[in-house]
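Secondary and tertiary structure notes
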Amino acid sequence: MPPLPPDECPPDEPPAPQATTTLAVWRLDGPQLRATEDTVAEEVPVALVYNGISHAVLLATPADLEDLALGFSLSEGILATPTELFDSETVATPHGLELRLHVAAGCFADLKARRRSLAGRTGCGLCGVESLAALARAPGPVTRGAPIPASAIAAALAALPAHQPLRAATGAVHAAAWIDRRGTLLALREDVGRHNALDKLLGHLARSATDPHAGWVLVSSRASYEMVQKVATVGIGSLVAVSAPTALAIRLADAAGVTLAGFARDRRLVIYTHPDGLLADA
């Protein structure tokens, strides 16, 4: 077949964005101003499109997007199990990325019935919720596994920086990590949005059929309502945050049976709910 004339050639697809980019900057160090380069985190609009219908737009780091799609779908209650996601495709557009998801007909019907439209931002996981009643999606009580030793939390905190390459390069991203009860860091995902980092981690855990009772989640951010809701929805019983929780997050964790701790520093932390989920060292 002969090549198409130039005016009939299909337009080139936009290149897929990378997780970081390097830019020219100027550094001021005392009296000296010098030109140099800096690595910064990318933040791109990512639309989640279910069976051809756009449902949510997140601002996210363009990495581990299949994990993001599955984790978001599960933690938001769009899917009940990973098997209800039949296929996913990432498509670059001039305005951002589309995650095109093919889900079970029943899930799609429920999604349309919810009439929910999200406009996600890195600082808020509830932007665009249609009504206050939409916040009432409280997960059922979570069954926790064995208590987590304080030494396991200290070990995980010490290991966290070595598993955050994007943070080391840019200083601009959050992390969510899956830790076993000995404190071994088994998986970690990064993103400019703390909710996105958590959804990426939850998607990875679902994809690998990880037992939610076999470990706990450590996040480098504060613990907001949505963070507690997401871990409880997938059946994880313990969430430890480097920063503070909110009062609404504490109330939800208490009702859902989630052990919630914040201000985690080495062997110090504050336990807000269900202290029986943590075990002080002798």
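Throughout what follows, the structure given in this document is the object of discussion. All of these numbers come straight from a predicted model, not from anything done at the bench.

Notes on the pattern of salt bridges
Across all of its chains, the model carries 10 salt bridges by this definition. The residue Asp 38 makes a salt bridge to Arg 27 at a minimum N-O spacing of 3.5 Å. In this pair, Asp 38 is assigned in strand E2 (residues 32-41) and Arg 27 in strand E1 (residues 20-29), connecting sequence segments 11 residues apart. Residue Arg 189 pairs with Asp 64 through a salt bridge whose shortest N-O separation is 3.7 Å. Taken as a pair, Arg 189 in strand E10 (residues 185-191) and Asp 64 in the loop between strand E4 (53-60) and helix H1 (65-75) lie far apart in primary sequence, 125 residues in all. Several salt bridges converge on common partners, so that one network encompasses Asp 64, Asp 67, Arg 189 and Arg 207.

Remarks on empty space enclosed by the protein
Using the criterion set out here, one finds 2 cavities of 30 Å³ or more in the structure. Roughly 40 Å³ of volume is contained in the second largest cavity. Around the second largest cavity, the lining residues are Thr 143, Arg 144, Gly 145, Arg 181, Pro 212, His 213, Gly 215, Gly 237 and Ser 238. Looking at the lining of the second largest cavity residue by residue, the classes come out as 1 nonpolar, 6 polar and 2 charged.

A look at the packing of helix H6 (residues 225-233) against helix H7 (residues 247-256)
Two elements in contact, H6 and H7, have axes whose closest approach is 8 Å; the angle formed by their N-to-C orientations is 20 degrees. The pairing of H6 with H7 is recorded here as roughly parallel in orientation. Here H6 runs over H7; the crossing is right-handed. Seen from H6, the contacting residues are Tyr 225, Val 228, Gln 229 and Ala 232; seen from H7, they are Leu 248, Ala 249, Leu 252, Ala 253 and Ala 256.

Observations concerning unusual backbone geometry
Even without being glycine, Asp 266 reaches a positive phi, approximately 50 degrees. Of note, Asp 266 is situated in the loop between strand E13 (259-265) and strand E14 (268-273). Positive phi is not limited to glycine here, since His 274 has a value of about 45 degrees. Considering the arrangement of structural elements, one finds His 274 in the loop between E14 and strand E15 (278-279).

Calculation notes
Residues numbered from 1 in each chain as written. Predicted model: local features only at pLDDT ≥ 70, side-chain atom pairs only at ≥ 80, totals over all residues. Heavy atoms only, no water. Salt bridge = Lys/Arg side-chain N within 4 Å of Asp/Glu carboxyl O. Helix = DSSP H or I, 4+ residues; strand = E, 2+ residues; numbered from the N terminus. 1 Å grid on protein atoms, 1.4 Å probe; cavity = no way out; pocket = protein on both sides within 12 Å on 5 of 7 lines; lining within 4 Å. Points joined across faces, edges and corners; volume = space filled by probe spheres on them. Nonpolar A, V, L, I, M, F, W, Y, C, P; charged D, E, K, R; others polar. Axes fitted to C-alpha atoms, helices over the stretch in contact; angles between N-to-C directions. Parallel < 35°, antiparallel > 145°, perpendicular 65-115°, else oblique. Left-handed = near helix turned anticlockwise from the far one by under 90°. Contact = heavy atoms within 4.5 Å.

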